[in-house]
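# Per-entry structural report
Okay, here's what each chain looks like letter by letter:
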Amino acid sequence: MDIEEIIEKAGGAEALAGLTGVGTEAIRKWRQSRAIPGKHWAALLRLPGISLSDLDPQTPQEDRPTVTDTCPEGANAALVLADGTVLWGVGFGAHTDGAAIGELCFNTGMSGYQETLTDPSFAGQIVTFTFPHIGNVGTNAEDDEAQRVAARGVVVKEDVTLPANWRSTQTLATWMIGQNLPGISGIDTRLITRRLRDGGPQTAVLAFPKDGHFDLGALRTQAVSWPGLEGMDLAKDVTCTQSYSWELGVWQKPSAERSTRRRVVAVDYGAKRNILRCLVTAGCDVTVVPATATTEEILRHNPEGVFLSNGPGDPAATGVYAVPAIKGVLDADIPVFGICLGHQLLAQALGAKTYKLERGHRGANQPVKDLASGRVEITSQNHGFAVDDKSLPEDVIITHTSLFDGSNEGIRSTKLDAFSVQYHPEASPGPSDSFYLFERFVALMDKKAA
């Protein structure tokens, strides 16, 4: 349906602006682009005479999903998007008690599905895997990145395959039952990827009921009414409850261990275990503290360096309590290294702001340029927010940038021993191009101690 027809059905430009909660300038831009962003489709689908295909005219007919309230034969699970789309499939893993609701995202990694699902940074999200073959290496306790799963659901294209790997102790489906994690297969993951790529993030509801009953009206209401990750502080949900020591290094030990080790406090906003392993391997004695730890509680451990971990949610919300603690550590002249959410929180502590990305970066093949050396690193990433380059103060420089969209991937203070990156130098899954950052952190502490 043409944009002018949609405006007419809505009762005019001003009425459409009121319905979708935007200004008339946005309507003008929609007219220019001849398209309406996907995040507004849910409101428009309430209008009589407007269907999903009317709002998505660029999608080929064969790629358009069947929107029906009737469960097809063989289907026992449903994925309901906030724009009104209903995708039917076959459920696996844990049955849902009602439904699993979260922000739908896609991950382009070709390996490490267990590490991805146990990454606390996926809290509040339903993960769509673009790689079609999920389940082929099974699961095992050693590959968990956290004690419990924080993701809310799994979406895959093909039926989950049986494991063919000597390290497997459970199938993915059985492991997901133990983690109370629902999944749905038989979904057109390419369609979801295009929808999120072009229209931005949106909420979805995954329903896999034991009794096979679907109240699609209620599911659509849940999808539309869920507030989204913006403004959510999820670090408190995934952090540790008390301090502890971490002593394990990476699986493959380095050729020579350091004789002098550095005391590091890692603030857990949702830390992956392999981050802690990398710190140990680089030469650190690691003490982990909760996300809510104050400056005094951090300094009580007499650290030579403070590490700020990855984590989920909106950095502006977590920053309410995290930023004052980080500022106190910086005032104490202690070296600081942050990644992912820790990068965003350090940026805030140094005076910058963050914002929500239109698409987010989730995968193990993200190219990042080191501006000092010109070197391009292939990195593992998982984030939906970013640091605003324009908000950085003069004494903070950009060190890394994304070659996908130009967004910020790293900063360094010119006055303090503090630096951070947006990506995951520990990978797991992903390449190990960026392990040198852990060694750089230790070198800072060595220099301070000299």
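The rules behind the values
- Residues numbered from 1 in each chain as written.
- Predicted model: local features only at pLDDT ≥ 70, side-chain atom pairs only at ≥ 80, totals over all residues.
- Heavy atoms only, no water.
- UniProt positions renumbered as here; feature names shortened; annotations may be inferred.
- Helix = DSSP H or I, 4+ residues; strand = E, 2+ residues; numbered from the N terminus.
- Rg over C-alpha atoms; globule rule 2.2 N^0.38 Å.
- Contact = heavy atoms within 4.5 Å.
- Areas by Shrake-Rupley, 256 points an atom, 1.4 Å probe, with all protein chains shown as cover.
- Lys, Arg positive; Asp, Glu negative; His and termini not counted.
- Charge placed at Lys NZ, Arg CZ, Asp CG, Glu CD.
- Buried < 20%, exposed > 50% of the residue type's maximum accessible area, 1.4 Å probe, protein only.
- Pairing = 2+ DSSP bridges.
- Axes fitted to C-alpha atoms, helices over the stretch in contact; angles between N-to-C directions.

Identification of the chain as Carbamoyl phosphate synthase small chain from Asaia krungthepensis NRIC 0535 is taken from an unreviewed UniProt entry. What UniProt records for the chain under Sequence similarities (unreviewed entry) is the sentence "Belongs to the CarA family."

## A word on the overall build of the chain
Of the regular secondary structure elements, the chain holds 15 helices and 17 strands. For a compact globule of 450 residues, the expected C-alpha radius of gyration is about 22 Å, and the chain comes in at 23 Å, within 12% of that figure. Considered along the principal axes of its C-alpha atoms, the chain spans approximately 75 × 55 × 40 Å. Of the contacts made within the chain by residues no fewer than 6 positions apart, 74% connect residues no fewer than 24 positions apart. Entry remark: accessible area of the chain is about 19,400 Å², with carbon and sulfur atoms responsible for 49%. Side-chain charges in the chain split into 41 positive and 54 negative, and the spacing between the mean points of these groups amounts to 3 Å.

## Observations concerning unusual backbone geometry
Most peptide bonds take the trans configuration, and most residues that are not glycine carry a negative phi. With omega at 5 degrees, the peptide bond leading from Ser 428 into Pro 429 counts as cis. Mapped onto the elements of the fold, Pro 429 is located in the loop between β17 (418-421) and α15 (436-449). Although it is not a glycine, Ala 427 adopts a positive phi angle of roughly 55 degrees. Looking at the secondary structure, you find Ala 427 in the loop between β17 and α15. Look at Ala 427 and you get buried, because its relative accessible area is 2%. Despite not being glycine, Ser 428 shows a phi value in the positive range, around 55 degrees. Assignment of secondary structure puts Ser 428 in the loop between β17 and α15.

## Here's the deal with the sheet that holds strand β16 (residues 408-413)
Taken together, ten strands build an open sheet; the order of strands is β8-β10-β9-β11-β12-β17-β16-β15-β13-β14 and the sheet is mixed. Edge strands, defined here as strands with exactly one partner in the open sheet, are β8 (244-246) and β14 (376-387). Each adjacent strand pair in this sheet contributes to an overall mean axis angle of 25 degrees, direction not counted. In the sheet, strand β15 (residues 396-402) pairs with β16 via five bridges, with the strands oriented antiparallel. By the bridge assignment for β16, Val 396 is matched with Ser 413.

## A closer look at helix α14 (residues 341-349)
Within α14, nine of the nine residues are buried, which leaves it mostly tucked inside the rest of the structure. Gly 351, located one to two residues past α14, shows a positive phi value of around 115 degrees.

## Details of the pairing of strand β7 (residues 202-207)
Regular strands place their side chains on alternate faces of the sheet. Where burial is concerned, most of β7 is hidden: six out of the six residues are buried. Note that strand β1 (residues 77-81) and β7 share four bridges and pair antiparallel. Bridging from a neighbouring strand, Leu 79 pairs with Leu 206 of β7. When strand β3 (residues 100-107) meets β7, the two strands line up antiparallel, connected through five bridges. Note on β7: the bridge partner recorded for Leu 104 is Gln 202.

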